[in-house]
Amino acid sequence: MNLSRRRFLKIAGAGAAVAATATGGLVALGRSGAAAAPRERGLRTVPTFCDVCFWKCNAIATVRDGALWKIEGNPIDPLSNGRLCPRGTGGVGAVSDPDRLRTPLLRASVRGEERWTAVTWDEALGYIAEKMQDIKAKYGPEAVAMFSHGLGGAFLKHTLKAYGAINLAAPSFAQCRGPRDVGFELTFGEGIGSPERTDIANARCLVLIGSHLGENMHNSQVQELAEAVGRGATIIVADPRFSIAASKAKHYLPVKPGTDLALLLAWMNVLVAERLYDQDYVAAHGFGFDAFAAAIASYTPEWAYPETGIAPEVIRETAREMARHRPATLVHPGRHSTWYGDDAQRSRAIALLNALLGSWGRKGGFYTPASMTVPGYPYPPYPRSGRAKVDNPDHKYPFASEAITTGIRDATISGQPYPIKGWWVYATNLLQALPDQAATIEAIQQLDLLAVVDVVGSETAGWADVVLPEATYLERYDDLNVELFRQPFVALRQPVVEPPHDQKANWWIARELALKLDLAAFYPWTTIEEYLDHRLRGAGLSLAELQTKGLVRGAPQPIYYEDGVPPTFPTPSQKIEFYSVQLEQKGFDPVPRYTPPDPGPPGAFRLLFGRSPVHTFSRTQTNPILAQAMTENELWVNASVAQRLGLATGQRVRLRNQDGVRSDFAIKVRATEAIRPDCVYMVHGFGHTAGMLRHARGRGASDAQLITAYKTDPLMGGTGMNVNFVTIEQEA
Amino acid sequence: MSRLAMVIDTRRCVGCQDCVVACKTENQTPEGFNRDWITYITKGRFPTLSMSIQSERCNHCDDPPCVSCCPTGASHVHDFGGIVLVDKDECIGCKACVASCPYDARYMHPDGYADKCTFCVHRVEHGQDPACVSVCPTHCMYFGDLDDPESEVSKLLASRKHYSLLPEAGTKPRIFYLE
Ligand code: SF4
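Residues numbered from 1 in each chain as written. Chains lettered and ligands numbered in written order. Predicted model: local features only at pLDDT ≥ 70, side-chain atom pairs only at ≥ 80, totals over all residues. Heavy atoms only, no water.

## Things to note about the interface of chain A and chain B
Basically, it comes down to this: By definition, residues are in contact when any of their heavy atoms lie within 4.5 Å. As used here, buried area is the combined drop in accessible area, with a 1.4 Å probe, of two parts when they are placed together. Whenever Lys or Arg places a side-chain nitrogen within 4 Å of a carboxyl oxygen from Asp or Glu, that contact is recorded as a salt bridge. Whenever two N or O atoms come within 3.5 Å, that pair is a polar contact, provided that in protein one can donate a hydrogen and the other can accept it, and provided that, for residues adjacent in sequence, both atoms are side-chain atoms. In DSSP terms, a helix is any run of H or I states spanning at least four residues, a strand is any run of E spanning at least two, and both are numbered starting from the N terminus. Nonpolar residues are Ala, Val, Leu, Ile, Met, Phe, Trp, Tyr, Cys and Pro. Charged residues are Asp, Glu, Lys and Arg, and all others, Gly as well, are polar.
The partner chain B presents 35 residues to the 40 residues of chain A that form the contact. Carbon and sulfur atoms make up 59% of the surface buried where chain A meets chain B, a total of about 3000 Å² over both sides. The interface formed by chain A and chain B contains four salt bridges. Between the two partners, chain A and chain B, sit 16 residue pairs in polar contact (both at pLDDT 80 or more). Counting only elements with at least two residues in the side of chain A that touches chain B, the list comes to strand E3 (67-73), helix H3 (86-89), helix H8 (219-231), helix H9 (244-247) and helix H24 (624-629) of chain A. Top element by residues in the side of chain A that touches chain B is H8(A). It accounts for seven residues. Its residues assigned to classes, the side of chain A that touches chain B shows 21 nonpolar, 11 polar and eight charged.

## Observations regarding unusual backbone geometry
Going by this rule: Each residue is assigned to one of three classes by its accessible area relative to the maximum for its type, calculated with a 1.4 Å probe on protein chains only: buried under 20%, partly exposed between the two thresholds, exposed over 50%.
In this structure, A:Pro195 follows A:Ser194 across a cis peptide bond, with omega equal to -5 degrees. A positive phi angle is found at B:His60, which is not glycine, with a value near 45 degrees. With respect to the secondary-structure elements, B:His60 resides in the loop between strand E3 (48-56) and helix H2 (65-68). Residue B:His60 is classed as buried on the basis of its relative accessible area, which comes to 0%. Positive phi, normally seen in glycine, also occurs at B:His139, with a value near 50 degrees.

## Some points on the packing of aromatic side chains
All names here are of chain A. Here is the rule we go by: Put simply, two rings from Phe, Tyr or Trp (the six-membered ring, in Trp's case) pair if the centres are within 6.5 Å, and we call them stacked under 30 degrees between planes, edge-to-face over 60, tilted for the rest. Geometrically, a lysine NZ or arginine CZ counts as sitting over a ring once it is within 6 Å of the ring centre and also within 35 degrees of the ring normal.
The full count for this structure, using the stated rule, is 31 aromatic pairs over all chains. Note on tyrosine 299 and tryptophan 303: the rings are 4.5 Å apart at their centroids and 55 degrees apart in plane angle, and the pair reads as tilted. Relative to tyrosine 681, the ring of tryptophan 636 lies with its centre 5.5 Å away and its plane at 85 degrees, an arrangement referred to as edge-to-face. With tryptophan 636 in strand E21 (residues 634-638) and tyrosine 681 in strand E24 (residues 679-683), the pair connects residues that are 45 residues apart, well separated along the chain. Accessibility expressed as a relative area gives 10% for tryptophan 636, which makes it buried. Judged by its relative accessible area of 4%, tyrosine 681 is buried. Members of the aromatic cluster, joined through ring pairs, are Phe155, Tyr377, Tyr379, Trp507, Tyr523, Trp525 and Tyr531. The ring of tryptophan 636 is capped by arginine 241, whose NZ or CZ atom sits 4.7 Å from the centre of that ring.

## Considering the pattern of salt bridges
Residues and elements named next belong to chain A. One pass over the full model with this rule turns up 59 salt bridges over all chains. Here arginine 619 and aspartate 454 are joined by a salt bridge, their closest N and O atoms 3.2 Å apart. Of this pair, arginine 619 sits in the loop between strand E20 (605-610) and H24 while aspartate 454 sits in strand E14 (residues 449-454), and the two are 165 residues apart along the sequence. We classify arginine 619 as partly exposed; its relative accessible area is 26%. The network of salt bridges with shared partners includes Arg177, Arg180, Asp181, Glu196, Arg335 and Glu402.

## As for the site of the ligand
Convention followed: When we say a residue is near a molecule or strand, we mean one of its heavy atoms is within 4 Å of it.
In the vicinity of the ligand, the residues found are A:Cys50, A:Val52, A:Cys53, A:Trp55, A:Lys56, A:Cys57, A:Leu84, A:Cys85, A:Arg87, A:Gly88, A:Met217 and A:Asn219. Classifying every residue of the shell around the ligand gives eight nonpolar, two polar and two charged.

## Brief notes about the nonpolar core
All names here are of chain A. Selection criterion: Nonpolar cores are built from buried Ala, Val, Leu, Ile, Met, Phe, Trp, Tyr and Cys residues. Side-chain atoms within 4.5 Å join them into one set. Marked domain ranges trace back to an automatic or database domain assignment.
Formed by 154 residues in total, the largest nonpolar core has its most connected members in Trp267, Phe292 and Leu356. The leading source of residues in this core is helix H10 (residues 260-273), at 11 residues. Each of domain 1 (177-368 + 575-585) and domain 2 (605-730) accounts for three or more of the residues forming this core. Look past the residues within four positions of phenylalanine 292 in its chain and what remains in contact with it is Met268, Val272, Leu352, Leu356, Phe578 and Val591.

## Examining the confidence of the model for chain B
Operational definition: Summary of the metric used: pLDDT quantifies the predictor's per-residue confidence within the range 0 to 100.
Mean pLDDT for chain B: 97, with 99% of residues reaching 70 or above. As scored by the predictor, the complex reaches a pTM of 0.94 and an ipTM of 0.97.

## Details of helix H7 (residues 171-188) of chain A
Residues and elements named next belong to chain A. As a reminder, the rule being used: How far a helix is expected to stretch is found by multiplying one less than its residue total by 1.5 Å. To obtain the bend at a residue, axes are fitted to the seven residues ending there and to the seven starting there, and the angle between these axes is taken.
Over its 18 residues, H7 extends 24 Å from the first C-alpha to the last, a length consistent with the 26 Å expected when each residue adds 1.5 Å. The sharpest bend along H7 reaches about 85 degrees and sits at arginine 177, with the proline proline 179 one to four residues further on. Most of H7 is tucked away, with 17 of its 18 residues classed as buried. Backbone geometry just downstream of H7 places glycine 189 in the positive-phi region, at approximately 85 degrees.

## Comments concerning the domain arrangement of chain A
By a frequent convention, interface size equals the accessible area lost on bringing the separate parts together. All names here are of chain A. Annotation of chain A at the domain level lists domain 1 (177-368 + 575-585) and domain 2 (605-730). Opposite the 27 residues of domain 1 that make contact, domain 2 presents 26 residues. In total, domain 1 and domain 2 occlude about 2000 Å² of area from one another, counting both sides; carbon and sulfur atoms represent 63% of this. Our count for the contact surface shared by domain 1 and domain 2 stands at zero salt bridges. Counting every contact that joins domain 1 to domain 2 gives nine residue pairs in polar contact (both at pLDDT 80 or more). Looking at the side of domain 1 that touches domain 2, the element that brings in the most residues is H7, giving four residues. Looking at the side of domain 1 that touches domain 2 residue by residue, the class counts come to 13 nonpolar, nine polar and five charged.

Structure below.
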């Protein structure tokens, strides 16, 4: 525990004085002229694409009598097939969100107190530009870093790269899918990508390991899961919690948390020992199979039993079931995979299990995404920096394939290898996304500038020097979405309605900032329409066409080996690496090896977290429609444990973790048979402390607050976060 | 005549609440009230468990107690498809229908009238599916005419095991769940 963390609690607990005096005047300023327009009548539809999560489903919004009414899937969209997920359907609530940021805000007292002065865009961007020029003069442009999530950060990244910034990262790597992608890259030479290249639609056997599709609502994935269930595909689920997906499974394996790798090794052991694996596929494409087989020979189901709690005959039966359906057996790689710190190796084991089943490249396994080309805009080259990036000094994490957010945070705290003095944060709530909130605050306190762009005032915005209110995705253009999928497409996001207050589109913010930084040469275009039309014309399309259709699909291409995709593996051996020489050379296990997880303090429960189908991260809790669907999260506690502790469903409790951190807010107990007795579970994204999130503040508990410990993946720098333990304290 | 009905495949349903959210936006129901909802029932002892998930709403019963008890005729069976509807201008807010519904499908709208699922009659009359059916990402819901043996709903009911809620209430519900 350090002082900044206590201070955070104090400030959060005090409730915040939000927003400022001059708002009304500024609103009028930003909307001058709008009042004169005649009121629109009747129905109008506008194609665009969703931004409630990163899946980017194509949609059609309907405006009735001038007001946004609803949004539905675009029938020609390969991602949504004309059907959005509940978050997408409820996305219209983003526009009417009562907690939207309305005007630029400048910090008016100490950081984190959330006292603001409302300012004009000119003042806000002028302030930022001046700070950025100061930082550049004193420390060099590399001292300004950026954290972002999603497509919307594209133009800000462009401005910052033009300024000379090189330290740009997204939590989607080191706090989410990074280990998975690295595990697959080490094995097949390619990652999984997004949308995932998983062919669930054609799988005859689907294996989910902790992946809770159906609660995790990535639209196409869930649609295909339902399709697979409807077709009678065999579903195998390993999860400490009886998830929705588990309820669809033929085999539910209530695996002990942190032991998934033992289960994976035992499955592979069975496939090899019983010679059930795809021998032709392995002979044709595998490298180092014999050494691999020797390395896993001791991982028998009997060995795995005490580790995982899964009986040997169940392990054998499920392995045989997988073999029966191969190559249409898909062992799903998951997405959020930063769990225990050995995650890249666990993901590599998933990759190897798929390799044994011959599913990579094959129908019902992993397809090869089809692509189309839409050239970028011809910008001048960015300035070259003589300095290395700070996030991964000396390639400490040799297999990190993207920048590490927590590495930038560490460098900001230590000032090593060089000082980081400015942070731009776009549409990501670092305090909820990164483990160890105290460290994030400590880093923020080293900064000369923290600028946050967002739609609502997150915890991170609460610590900012300048908060810039962004127009929602239904009120702005964004960069094009050029999607790799079964069939590629290019899609347009375009405004459906006007922003209600003084909010601005990210492209406008980025361009204005560039002008203030004397970087006009990097913005040869003046309007976003000009930029988009230029890019689209490079692909033989036009903005007018996309404005009407929303998306244009590229030519279908073969996506399976059996249809003519050549099997290529861009690994050092040009083969599927059952044995990894590059891992060995860097001092890591060439074949995944199991280490038992830390059991945690006696009497404490491992804290697990996951997703709800009606919320995205910590970003949607004030959306009035989605908030009605789920207002607060619950603490899943095994029914017998609850009985022993005298806890009843609906009762409010606080949690205290191994480091003594107590949850700010109480959370309702959900006593249920549907979870193991050694862990508790909650949906991520609740328990907001931000004063500006008036309609979400204090509702439920925040897992992020309790994730003070994390275990860093030595291969790629991912932060394993399922290593925290809590005790349950009854509210007086 | 037609008898419109809904068939819901509980195997495909993941309980994501898209039907609930879509109803809310389509019909602009007041804050805190829903015309449809999901029930999740978990049975068994860990780890030998089963779960059933049901998207529920007004059953548009063939024998609707809410209609027979209505003193003004506001609660009525619509000519089109036998949809059970409330004429809010005729409703005096006596709540008799709310109490009579065995499915708890009705609520009092803050504006003083009884409200509930309309099978999205404003869409259905134009040949569209109800909003909940049309958005469902799992394609677990089907809508059509029970009196037409060729309709998808009739064929599904003829070919698959199914159940309805509280058949013992004798209301002859028209929402069916495939097992
Ligand atoms: S999955 Fe849902 S939230 Fe994500 S883009 Fe698609 S509709 Fe929107």
